[in-house]
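These are the residues of each chain, in order.
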Amino acid sequence: MEESFGKKLAEILSREQFIFNAPMTEHTTFKIGGAADVLIFPSNVQEVAAIFKLIEEFKIPCTILGNGSNVLVLDNGIRGAVVKFSDKFFGNIRCEGTKIIAGAGAKLKDVSNFAAENNLCGMEFAVGIPGSIGGAVFMNAGAYDGEMKNVIAQVTAVSPIGELKTFSGESLDLGYRQSIFQTNGFAICEVELNLTQGNSDEIKNKMADFTQKRESKQPLELPSAGSTFKRPKGYFAGTLIDQTGLKGLRVGGAMVSEKHAGFVVNVGNATAADVLNLIEEVRRRVKEVHGVTLSPEVRIIGE
């Protein structure tokens, strides 16, 4: 597969846009995971369509990744192709009136700052979320009473067989950490946001406040995948874990953060197995003490 697939890839991409046998420790915020058979970085919608047609032709499995911030890649890596929407290749952001159009790889932090520079409000909540705009749509990311659902006008995406489609914000089935893209196989390529005119100083002050809160409460100094568990109805996962006395609980190189119990962090060469075992132990003990079943928020991919 490598030689013939590589030759075809080289016809549509530059050589720096694909890597065979790519260690996913270098391409996820958790710094965990085995190698992907091939990691591909498209730079525009046409390339995405061509890549998907090629993947379909070779009948190889395909995994779509954004910034790699909400995922745990398993220790044996990922078979087939991983198509990664990175900030470097797919991170363009532009403004048209009160709309912002961003490539799927653009970091949320950069989109929020770009909005502030253009006196547009609505994206302040996202300034500290460690992901890409594409990943934020995929998960309907939210924080501080804001969520992507409130600002998405439309999304341009590509189907698994390389066909372009535009989705309106209303058609995305956006709920708590869910969207239509989790089941329909389309790759999010471009996101159009509908924002409102605001005061630049007020927007920046709000963002500075959110950033300070996040930095003071979250273990941003250690590799993680962000919040490990979804919020159970009527509770906060971090509070339940803390009340169960699990801060600092460790399996191998994975630990429940001592700063915020809702985060599992990589404190040194953690394996995916370490993380999964720790997650299961946390779930077991929280269920035992509080009768609440926690569900992982982190996407688990690979083998």
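Just so we're clear, the structure is a prediction, and the values are computed from it rather than from any experiment.

### Thoughts on the sheet that holds strand β6 (residues 93–96)
The strand order β6-β7-β13-β11-β12 describes an open sheet built from five strands, whose pairing is antiparallel. A strand with exactly one partner marks an edge of an open sheet, and here the two such strands are β6 and β12 (164–168). The mean inter-strand angle of the sheet, taken between neighbouring strand axes irrespective of direction, is 20°. Bridge count between strand β7 (residues 99–103) and strand β13 (residues 187–194): five bridges; the pairing is antiparallel. In the strand pairing of β13, K99 is matched with N194. With respect to the sheet, helix α4 (residues 108–117) is in contact with β6, β7 and β13, its orientation differing from that of β6 by roughly 30°.

### Focus: the packing of aromatic side chains
In this description, a pair of aromatic rings is defined by centroid distance and the angle of the planes. Under the defined criterion, the tally for this structure stands at seven aromatic pairs. Arranged with centres 4.5 Å apart and planes meeting at 5°, the rings of Y144 and F210 form a pair that is stacked. Note that Y144 is positioned in the loop between β9 (142–143) and β10 (146–147) and F210 in helix α7 (residues 200–217), a separation of 66 residues in sequence. By relative accessible area, which is 9% here, F210 ends up buried.

### Notes on the sheet that holds strand β15 (residues 250–251)
Pairing between the strands of a sheet is mediated by backbone hydrogen bonds and can be parallel or antiparallel. The strand order β15-β16-β17 describes an open sheet built from three strands, whose pairing is antiparallel. Looking at strand neighbours, the two that pair on one side only are β15 and β17 (264–266), the edges of this open sheet. Note that strand β16 (residues 254–256) and β17 share three bridges and pair antiparallel. Counterpart to A254 in the pairing with β17 is N266.

### Description of unusual backbone geometry
In this structure, N140 takes a positive phi of about 45° despite not being glycine. Residue position: N140 is located in the loop between α5 (133–139) and β9. You will see that R177, though not glycine, has its phi angle at about 55°, which is positive.

### Quick look at the pattern of salt bridges
Inspection of the entire model under this criterion finds 17 salt bridges. One salt bridge connects E192 with K99, and the closest N-O pair in it is separated by 3.6 Å. One end of the pair, E192, is in strand β13; the other, K99, is in strand β7, and 93 residues separate them in sequence. Given the relative accessible area of 26%, K99 is considered partly exposed. Between R285 and E281 there is a salt bridge, and its shortest N-O distance comes to 2.7 Å.

### Some thoughts on helix α2 (residues 45–58)
Given 3.6 residues to a turn, an α-helix orients residues that are three or four positions apart in the same direction. Its 14 residues give α2 an end-to-end C-alpha distance of 20 Å, which sits within 8% of 20 Å, the value for a rise of 1.5 Å per residue. All of the buried residues along α2 are V45, E47, V48, A49, I51, F52, L54 and I55. For α2, the capping residue at the N-terminal end is N44, with a side-chain oxygen 3.1 Å from the backbone nitrogen of Q46. Phi turns positive one or two residues past the end of α2, at K59, with a value near 55°.

### Examining the side chain of T244
Mapped onto the secondary structure, T244 falls in the loop between α8 (237–243) and β15. Given a relative accessible area of 17%, T244 falls into the buried group. A polar contact of 2.6 Å, which involves the side chain of T244, links it to the backbone oxygen of L240. Once you skip the residues sitting within four places of it in the chain, T244 turns out to touch R285, V286, V289 and H290.

### Some thoughts on the pairing of β6
The pairing of β6 with β7 spans four bridges and is antiparallel. Residue pairing for β7: R94 is matched across the bridge by I101. What sits between β6 and β7 in their antiparallel hairpin is a turn of two residues, with G97 showing a positive phi close to 65°.

### Some words on the side chain of N266
By the element assignment, N266 lies in strand β17. Of the residues examined, N266 reaches a relative accessible area of 6% and is grouped as buried. Among the polar contacts made by the side chain of N266, one reaches the main-chain amide nitrogen of G268 at a distance of 3.1 Å. Those residues in contact with N266, other than ones at most four positions away along the chain, are F30, K31, I32, L222, P223 and G253.

### Here we look at the pairing of strand β2 (residues 35–40)
Looking down a regular strand, the side chains alternate between one sheet face and the other. As defined by bridge partners, strand β1 (residues 18–23) adjoins β2 across five bridges and the pair is classed as antiparallel. Residue A22 lies in a different strand from β2, and its bridge partner there is A36.

### Examining the environment of K287
Relative to the assigned elements, K287 resides in helix α9 (residues 272–290). On the basis of relative accessibility, which here comes to 44%, the residue K287 falls in the partly exposed class. It is 9.6 Å that separates the C-alpha atoms of K287 and L240, two residues lying 47 residues apart in sequence. Contact partners of K287, with chain neighbours within four places excluded, come to V292 and T293.

Scoring rules and cut-offs
Residues numbered from 1 in each chain as written. Predicted model: local features only at pLDDT ≥ 70, side-chain atom pairs only at ≥ 80, totals over all residues. Heavy atoms only, no water. Pairing = 2+ DSSP bridges. Helix = DSSP H or I, 4+ residues; strand = E, 2+ residues; numbered from the N terminus. Axes fitted to C-alpha atoms, helices over the stretch in contact; angles between N-to-C directions. Contact = heavy atoms within 4.5 Å. Phe/Tyr/Trp six-rings, centres within 6.5 Å; stacked < 30°, edge-to-face > 60°. Buried < 20%, exposed > 50% of the residue type's maximum accessible area, 1.4 Å probe, protein only. Salt bridge = Lys/Arg side-chain N within 4 Å of Asp/Glu carboxyl O. Expected span 1.5 Å × (residues − 1). Polar contact = N/O pair within 3.5 Å; in protein donor to acceptor, adjacent residues only side chain to side chain.

From the geometry alone we can't say anything about function, so treat these as descriptive.
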